[in-house]
2 protein chains.
Amino acid sequence: MTKRPPLHYIREPSEIYAQSFATVRKEARLDRFDLSMQPLVTRLIHSCGMVEIADRLAFSPNAAREGMAALAAGAPVLCDCEMVGAGIIRRYLPTDNQVIVTLNDPSVPTLAKDIGNTRSAAAVELWRDHIDGAVVAIGNAPTALFHLLELLDQGWAKPACILGFPVGFVGAAESKAELAANPRGCNFIALRGRKGGSAMASAGVNALAAGLPEDRT
Amino acid sequence: MTKRPPLHYIREPSEIYAQSFATVRKEARLDRFDLSMQPLVTRLIHSCGMVEIADRLAFSPNAAREGMAALAAGAPVLCDCEMVGAGIIRRYLPTDNQVIVTLNDPSVPTLAKDIGNTRSAAAVELWRDHIDGAVVAIGNAPTALFHLLELLDQGWAKPACILGFPVGFVGAAESKAELAANPRGCNFIALRGRKGGSAMASAGVNALAAGLPEDRT
């Protein structure tokens, strides 16, 4: 075996975080966002390595504030898939908030057939008793977001904030456009277009829960 | 409450998949890739909604074939974080392969201090007994990839295939450049630059495990 030269890279977690967030601040023109939104935008960018997503965020003016207040008051977090749940840093949650993922509930496959929709949409039906004032984090399925909007149209109580980050080529851009048009008057934060994903949805929750690392003591 | 018009969207899972993959095929010029790579490239693009990542993939010629063969022969999957593990579709795995995530092992925080590196890097140390012939899926931490390369330099047995998708602003591009330079002669698939993420790493594993949905009966 040939001996290779040592690899040089930053190994100190606090330095990695600090440099990462400094780079985001330098490149993202965060001052175009309200102060309440800046930690969230920073974490979103950090989660995907793409500064350019800042240009395509849509959000209601009080979305971050209402989402933070809801978590501080004990609201649950409703996620459309296990990956979103796995990305939420539990120790950040201010009141040990429940993180609820119903996608793998045993009733979901039958429910999906009954309502003629995907499993992801059917799983949203199981949020009924938790939706009032909750933080919703959708990072995968456009049909989950579409169906939530349908259920709100049917009279469901409003969540405190909807983080809309479904991803992909069929329905993602469309479901987020419907969310952002906001005829329902819900607080929301969404990334327009095809991009999105679980990491962004989790990062949004982590920001609402705890801001940035430098804000925490 | 004003009655709103019904929402129109595709609700049939097989139709969503078919349209998604058809869009990827139309836009991504997959014929520039070897047949063995095409399902994997398709799933990677599908996982993030970005056709343009196809332009920045780096890979060794036999990476997909070796990764598939390893899973078919029972190799474990080693993941750098829980989100990657959560995104692997277990029923796709051909031999009920083990999915191993060591990040939250109780020994990791102390180990990280001992080796002067991140928890993600320390967790890689715990892969020692599993690395020979394994499929590695890194979707978060550049330090996990860097440290794996250091351990290979120290004489660790080679994995069958390294899926390199760490993401972000510090070390992601650099660690993937080092992987892709490939002085160690490992099979690898990586996305150059800052972009990456758990969803891509999981999608890579799912592709090695099961190809595309239309390939499955």
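Here, the structure is the one placed above.
Please read these numbers as outputs of a predicted model, since none were measured by experiment.

**Quick notes on the state of the cysteines**
Covalent bonding between the sulfur atoms of two cysteines defines a disulfide. As enumerated under the stated definition, the model contains zero disulfides over all chains in all. Unpaired in terms of disulfides, A:Cys79 finds its nearest cysteine sulfur in A:Cys81, a separation of 7.6 Å. Residue class for A:Cys79 comes out buried when judged on its relative accessible area of 1%. We note that B:Cys48 lacks a disulfide partner, and the nearest cysteine sulfur, in A:Cys48, lies 11 Å from it.

**A closer look at the packing of aromatic side chains**
We describe a pair of aromatic rings using the distance from one ring centre to the other and the angle between the two ring planes. Within this structure, the stated rule accounts for six aromatic pairs over all chains. Against the face of A:Tyr9 rests A:Arg11, its NZ or CZ located 4.0 Å from the ring centre.

**Here's the deal with unusual backbone geometry**
Phi is positive for A:Asp96, close to 50 degrees, though the residue is something other than glycine. With respect to the secondary-structure elements, A:Asp96 resides in the loop between helix H4 (82-87) and strand E3 (99-101). Using a relative accessible area of 70% as the deciding quantity, one classes A:Asp96 as exposed. The backbone phi angle of B:Arg29 is positive, close to 45 degrees, even though this residue is not glycine. Mapped onto the fold, B:Arg29 is located in the loop between helix H1 (13-28) and helix H2 (38-48).

**Structural notes on the pairing of strand E6 (residues 188-191) of chain B**
Residue and element names in this part refer to chain B. Both faces of E6 are covered, namely the face carrying Phe188 and Ala190 and the face carrying Ile189 and Leu191. Where strand E1 (residues 57-59) lies against E6, three bridges are found, and the strand directions are antiparallel. Bridge pairing links Phe59 to Ile189 in E6.

**A few points about empty space enclosed by the protein**
Across all of its chains, the model carries two cavities of 30 Å³ or more by this definition. Taken together, 19 residues form the lining of the largest cavity, with A:Gly196, A:Gly197, A:Ala199, B:Gly196 and B:Ala199 sitting closest to its centre. Mapped onto the lining of the largest cavity, the elements with two or more residues apiece are helix H2 (38-48) and helix H9 (198-210) of chain A together with H2 and helix H9 (198-210) of chain B. Considering only residue class, the lining of the largest cavity consists of 10 nonpolar, eight polar and one charged. Counted as a void, the second largest cavity has a volume near 30 Å³. Around the second largest cavity, the lining residues are A:Ser36, A:Pro39, A:Leu40, A:Ala64, A:Met68, A:Ala207, A:Leu208 and A:Gly211. Elements supplying a minimum of two residues to the lining of the second largest cavity: H2, helix H3 (63-72) and H9 of chain A. Taken together, the residues of the lining of the second largest cavity break down into six nonpolar, two polar and no charged.

About the thresholds
- Residues numbered from 1 in each chain as written.
- Chains lettered and ligands numbered in written order.
- Predicted model: local features only at pLDDT ≥ 70, side-chain atom pairs only at ≥ 80, totals over all residues.
- Heavy atoms only, no water.
- Disulfide = S-S within 2.5 Å.
- Buried < 20%, exposed > 50% of the residue type's maximum accessible area, 1.4 Å probe, protein only.
- Phe/Tyr/Trp six-rings, centres within 6.5 Å; stacked < 30°, edge-to-face > 60°.
- Lys NZ or Arg CZ within 6 Å of the ring centre and 35° of its normal.
- Helix = DSSP H or I, 4+ residues; strand = E, 2+ residues; numbered from the N terminus.
- Pairing = 2+ DSSP bridges.
- 1 Å grid on protein atoms, 1.4 Å probe; cavity = no way out; pocket = protein on both sides within 12 Å on 5 of 7 lines; lining within 4 Å.
- Points joined across faces, edges and corners; volume = space filled by probe spheres on them.
- Nonpolar A, V, L, I, M, F, W, Y, C, P; charged D, E, K, R; others polar.

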